[in-house]
Amino acid sequence: MNYDLHLNIISFFIFLLFLFISFLNINRKFNLNKKLFLLSLLLTNISYSIITVTLINQFNSNQISIFLFLSFSIILWIYMIFCLIDYSFIRLRLLFIPYFFIFIIILNFSIFSSQKFGYFNFYLFDNKLLSFHIVLSLLSYSFLTISAISSIAVFAQERSLKSSFNRTNKLLDILPSMYESEKITIKVLYVTQFFLLISLLTGYFYSKEVADFYGFIYNEKSILSIITFFLICILLFVRFIFGITGKKVFNFVLLSYLFINLAYFGYKIL
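Quick notes on the rules
- Residues numbered from 1 in each chain as written.
- Predicted model: local features only at pLDDT ≥ 70, side-chain atom pairs only at ≥ 80, totals over all residues.
- Heavy atoms only, no water.
- Helix = DSSP H or I, 4+ residues; strand = E, 2+ residues; numbered from the N terminus.
- Buried < 20%, exposed > 50% of the residue type's maximum accessible area, 1.4 Å probe, protein only.
- Contact = heavy atoms within 4.5 Å.
- Areas by Shrake-Rupley, 256 points an atom, 1.4 Å probe, with all protein chains shown as cover.
- Axes fitted to C-alpha atoms, helices over the stretch in contact; angles between N-to-C directions.
- Parallel < 35°, antiparallel > 145°, perpendicular 65-115°, else oblique.
- Left-handed = near helix turned anticlockwise from the far one by under 90°.
- Nonpolar A, V, L, I, M, F, W, Y, C, P; charged D, E, K, R; others polar.
- Expected span 1.5 Å × (residues − 1).
- Salt bridge = Lys/Arg side-chain N within 4 Å of Asp/Glu carboxyl O.
- Core = buried A, V, L, I, M, F, W, Y, C linked by side-chain atoms within 4.5 Å.
- Phe/Tyr/Trp six-rings, centres within 6.5 Å; stacked < 30°, edge-to-face > 60°.
- Patch = residues over 30% accessible without salt bridge, like charges linked within 9 Å, V, L, I, M, F, W, Y side chains within 5 Å.
- Polar contact = N/O pair within 3.5 Å; in protein donor to acceptor, adjacent residues only side chain to side chain.

**Q** Residues and numbers for the overall build of the protein, please.
**A** Counting its secondary structure elements, the protein contains 11 helices and zero strands. In the protein, the succession of α and β elements from N to C terminus is α-α-α-α-α-α-α-α-α-α-α. Counting every position in the protein, which comprises 270 residues, the buried fraction comes to 49%. A sequence separation of at least 24 residues applies to 82% of the contacts in the protein between residues at least 6 apart. As presented, the protein carries roughly 14000 Å² of accessible surface, and 69% of it is formed by carbon and sulfur atoms.

**Q** Give me the lowdown on the packing of helix α2 (residues 32-56) against helix α3 (residues 63-85), citing residues and values where you can.
**A** The packing of two helices is summarised by the inter-axis angle and the distance between the axes. For the pair α2 and α3, interaxial distance at closest approach is 9 Å and the crossing angle is 155°. The angle between the axes of α2 and α3 places the two elements in the roughly antiparallel class. For the element pair α2 and α3, the recorded crossing hand is left-handed. Class assignment for the residues of the contact of α2 with α3 results in 19 nonpolar, six polar and no charged.

**Q** Explain α3 to me, and be specific about the residues and the numbers.
**A** Under the 1.5 Å per step criterion, the end-to-end length of α3 is 33 Å for 23 residues, consistent within 8% with the ideal 33 Å. Of all 23 residues making up α3, 18 are buried, and the element is well covered by its neighbours.

**Q** Can you explain the pattern of salt bridges? Please cite residues and give values.
**A** Across all of its chains, the model carries two salt bridges by this definition. Here Arg91 makes a salt bridge to Glu180, at a shortest N to O gap of 3.5 Å. Placement of the pair is Arg91 in helix α4 (residues 87-91) and Glu180 in helix α8 (residues 178-210), with a sequence separation of 89 residues. Classification of Arg91 as buried rests on a relative accessible area of 18%. Judged by its relative accessible area of 23%, Glu180 falls in the partly exposed class. Its salt-bridge partner being Glu182, residue Arg239 comes within 3.0 Å of it at the nearest N-O pair. Of this pair, Arg239 sits in helix α10 (residues 220-242) while Glu182 sits in helix α8; the two residues are 57 residues apart in sequence, bridging distant segments of the chain.

**Q** Go over the nonpolar core, please, and point to the residues and values.
**A** Grouped together as the largest cluster of nonpolar side chains are 69 residues, with contacts concentrated most on Phe37, Tyr48, Phe89 and Phe100. Looking at which element gives the most residues to this core, the answer is α3, with 15 residues. Setting aside residues up to four positions removed in sequence, Phe37 forms contacts with Phe18, Ile21, Ser22, Ile26, Tyr79, Cys83, Ile90 and Arg93.

**Q** Tell me about the packing of aromatic side chains, and name the residues and values.
**A** Scanning the model with the defined rule gives 19 aromatic pairs in all. With a centroid separation of 6.5 Å and 70° between ring planes, the pair formed by Phe12 and Phe13 is classed as edge-to-face. Look at Phe12 and you get partly exposed, because its relative accessible area is 27%. Note on Phe13: relative accessible area 54%, which makes it exposed.

**Q** So what's going on with a nonpolar patch on the surface? Residues and values would help.
**A** Taken together, the side chains of Leu39, Leu43, Ile46, Ile50 and Trp77 define a hydrophobic patch exposed on the protein surface, amounting to about 410 Å² of accessible area. If you tally residues by element for the nonpolar patch, the top one is α2, at four residues. Within the element layout of this structure, Trp77 appears in helix α3. Classification of Trp77 as partly exposed rests on a relative accessible area of 30%.

**Q** Describe the environment of Met80, naming the residues involved and giving the relevant values.
**A** For Met80, the position within the fold is in helix α3. Residue classification places Met80 among the buried positions, given a relative accessible area of 11%. Taking the C-alpha atoms as reference, Met80 lies 7.4 Å from Leu38; in sequence the two are 42 residues apart. If sequence neighbours within four positions are ignored, Met80 has contacts with Leu38, Leu41, Leu42 and Asn45.

**Q** Account for the side chain of Ser47, naming residues and giving values.
**A** Among the structural elements, Ser47 can be located in helix α2. Within the structure, the side chain of Ser47 is placed 2.9 Å from the backbone oxygen of Thr44, a separation counted as a polar contact. Contact partners of Ser47, with chain neighbours within four places excluded, come to Ser11 and Ile14.

Nothing here speaks to function; it is all geometry.
Written out as structure tokens, the structure reads:
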């Protein structure tokens, strides 16, 4: 694989800069620290997007690396857009930073691992329906990822409220309140459902194009994606009727996130 190691090193140092700035005191006002945070996030997005494009244009890149880098780039860009729209996402940065760091480790492992998961076929993006399906799938995965991370804040704030110890926690002070975190989680879940539904529909039509209906139904990715879709539907319905909050929301979102990870990446590795 003709991979540019220098580009990866530069991207990682840019991310470390972003990590350092994330620990600064960032207020709601558009002050210097907030500008530095958004600028460092933008540079991180650009650097990893360049790596992603580089991999896509190489004929000997493996599929796992392509989809991991695409997912990471999409999540980064969506997170930055949300940070520009809602300050609550900037307050969630100390939950996103560990996730980004672990993801970068996985990205590097996928690049340098000697195990080949299958070569990426460039003609995949020549098929418009398949390309549309891939983008929608990664968008639904990205939105569910953001929802899962914000639900951790819901869980943490609920535990803090139930704790018998009356002491301040600096980390919880930085995070949004339980109400704000839950509102973010649910809103993002609605967006996830939209993209996941269209992803399932495009996957169905693509399966009919290359195989048949049963090829879609008995496909592991389709089954797990459908389970994820109905799990989120159950959560949204039960929450609307009974108003469940806190840990129950966290459990549903975490379970949905587990299934979608198995659908998009797990079955490829296993």
